[in-house]
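Per-entry structural report
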Amino acid sequence: MPRSQFGHIQKLAKGKYRAHWQEGNKKRSRRCSSYKEATETLARMRIHQGSSDFNINYNEYYQATIVPGFKVLSKRTKYESEYAWRNLQPMIGNLKVAKTTWRTVQNTLDTFPSYARQEKALKLWRKMLNFAVKDEILRVNPVTLGITLKKPKHIVKELYTKEELVDVLHKVDGTDFALPILLECCCGLRHEEFCGLNNKDFNYDHDGWIIITIERALTEVQGKKVLKETKTETSNRVVVLHKDFLPYLLRNNKSMKNKRYIKEYRAPGSYRACWSRYCKNNDIRYVPFGHMRSVYATLCSEGGCLDSVVSKSMGHSGATVKERNYQSATMKALMLNAELFANYIGFCDEITV
């Protein structure tokens with residue numbers, strides 16, 4: 001937090017911070033174990049030094065509790081919080097936090113036209129109300145009493161069968177779509193993870209097996225490309241592509257170079273914008289990039305791959321208890337998974353003829 005607002009945070013060492021603030025004529029400080037804890041400490045101190053905790057409104061509370069934490073958030077998460085607040089602020093900005101009830105939250109969210117807007121607003125509101133409970137402004141968070149949202153729009157995913165996938169891979173061979181479809185449909189990468197790949201992420205020194213390291217993702221925030229960490233901690237992983245796909249990969253890997261600047265990465269939206277038109281012009285059934293990971297998961301299941309290994313390969317946080325206890329996704333297991341997948345779809349047989 002800038003010194004001019006209320007206080008400031010000093011970084012002492014890794015995982016060690018000190019929050020400093022002014023209390024009357026005295027300087028106060030407190031040691032914290034994370035930057036988030038330090039910002040929360042300053043927020044609480046700022047609120048307690050106001051005229052009265054029970055008179056603070058949401059405009060003031062948002063600035064005191066949410067804004068200081070923007071420094072440690074990704075640009076996309078910050079943008080989503082700001083977007084949610086722009087929708088909430090006209091309705092609750094001048095409302096006193098202490099006057100918030102379950103009915104207040106439900107009636108406000110009922111005015112939103114879609115489930116997506118309701119969900120984003122509720123997520124931000126819940127966060128502010130959790131602070132209010134900690135600051136003893138409220139005894140209980142009204143959101144925990146059960147808020148009813150509109151039903152989300154049910155999306156039926158369009159998926160390729162194994163025969164269609166083989167046909168699509170051959171039809172896009174030599175185009176800009178070959179590599180994303182290969183890695184997303186045959187390795188389970190998210191589209192943003194593919195867009196964040198660099199040439200150095202590919203390792204060919206395993207007797208022809210391709211080992212790909214996933215450690216970043218490329219997203220777009222307000223039309224600008226942003227290179228960030230993967231979705232979750234478990235999304236940082238390695239994936240294995242069967243060695244029979246190597247000729248296909250090398251033919252279509254020309255665009256994958258060592259990228260040093262953000263402008264060298266191709267935005268996820270540029271693939272999506274062209275893919276629908278390409279499918280229409282080349283007699284390909286359209287499946288959006290957002291569904292291609294599901295193609296991989298479905299074909300793995302049909303091919304007899306172990307669920308726990310597939311889950312690990314896709315970067316999920318966990319599978320069932322049985323799978324967690326009895327099967328670890330070692331490199332050997334990942335290679336077995338890749339071989340089962342390649343043999344099942346039959347693409348390796350066609351390419352090696």
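Below you will find a few notes about this structure. Bear in mind the structure is a predicted one, so any value in this text is a computation, not a measurement.

1. Digging into the nonpolar core
- Counting residues in hydrophobic clusters, the biggest one holds 50 residues, and the most contacted among them are Leu165, Val172, Ile181, Leu183 and Trp275.
- Considering every element that reaches this core, the biggest residue donor is helix 7 (residues 178–187), with eight residues.
- Setting aside residues up to four positions removed in sequence, Leu183 forms contacts with Gly188, Leu189, Phe194, Leu197, Phe202, Ile212 and Leu241.
- Membership of the second largest hydrophobic core comes to 26 residues, among which are Tyr61, Leu88, Val97 and Met128.

2. Re the packing of helix 2 (residues 58–65) against helix 5 (residues 115–134)
- Their axes nearest at 11 Å, the elements helix 2 and helix 5 cross at an angle of 85°. Overall, the two elements helix 2 and helix 5 adopt an arrangement that is roughly perpendicular. Of the residues in helix 5, those touching helix 2 at Tyr58, Tyr61, Tyr62 and Thr65 are Leu124, Trp125, Met128, Leu129, Phe131 and Ala132.
- Among the residues forming the contact of helix 2 with helix 5, the class breakdown is nine nonpolar, one polar and no charged.

3. Quick word on the pattern of salt bridges
- If you walk through the whole model with that rule in mind, you get 10 salt bridges.
- Of the charged contacts, one joins Glu158 and Arg285 as a salt bridge, the two residues approaching to 3.0 Å between their closest N and O atoms. Within this pair, whereas Glu158 is found in the loop between helix 5 and helix 6 (162–171), its partner Arg285 is found in the loop between helix 10 (268–281) and helix 11 (292–302), the two being separated by 127 residues in sequence.
- By relative accessible area, Glu158 is classed as partly exposed at 38%.

4. Considering the sheet that holds strand 3 (residues 26–32)
- Read from one edge to the other, the open sheet built from three strands follows the order 1-2-3, with strand pairing classed as antiparallel. In the strand order of this sheet, the two ends are held by strand 1 (7–13) and strand 3, each with one partner. Ignoring which end each strand starts from, the neighbouring axes of this sheet average 25° apart.
- The sheet contact formed by strand 1 and strand 2 (residues 16–23) spans six bridges and is antiparallel.

5. A few points about the pairing of strand 7 (residues 224–228)
- In the sheet, strand 6 (residues 217–221) pairs with strand 7 via five bridges, with the strands oriented antiparallel. Following the sheet pairing, Val221 is matched in strand 7 by Lys224.
- Taken together, strand 6 and the strand that follows it, strand 7, pair antiparallel across an intervening segment of two residues, in which Gln222 is found at a positive phi of about 55°.

6. Section: the sheet that holds strand 5 (residues 209–214)
- Taken together, three strands build an open sheet; the order of strands is 4-5-8 and the sheet is antiparallel. Whereas interior strands pair on both sides, the edge strands pair on one side only; in this sheet they are strand 4 (202–206) and strand 8 (237–241). Between one strand and the next, the sheet's axes are offset by a mean angle of 30°, whatever the strand orientation.
- Where strand 4 meets strand 5, three bridges bridge the pair, whose relative direction is antiparallel. Directly across from Asn203, in strand 5, lies its bridge partner Ile211.
- Across the face of the sheet, helix 7 comes into contact with strand 4, strand 5 and strand 8 while running at roughly 100° to strand 8.

Procedures and definitions
- Residues numbered from 1 in each chain as written.
- Predicted model: local features only at pLDDT ≥ 70, side-chain atom pairs only at ≥ 80, totals over all residues.
- Heavy atoms only, no water.
- Core = buried A, V, L, I, M, F, W, Y, C linked by side-chain atoms within 4.5 Å.
- Buried < 20%, exposed > 50% of the residue type's maximum accessible area, 1.4 Å probe, protein only.
- Helix = DSSP H or I, 4+ residues; strand = E, 2+ residues; numbered from the N terminus.
- Contact = heavy atoms within 4.5 Å.
- Axes fitted to C-alpha atoms, helices over the stretch in contact; angles between N-to-C directions.
- Parallel < 35°, antiparallel > 145°, perpendicular 65-115°, else oblique.
- Nonpolar A, V, L, I, M, F, W, Y, C, P; charged D, E, K, R; others polar.
- Salt bridge = Lys/Arg side-chain N within 4 Å of Asp/Glu carboxyl O.
- Pairing = 2+ DSSP bridges.

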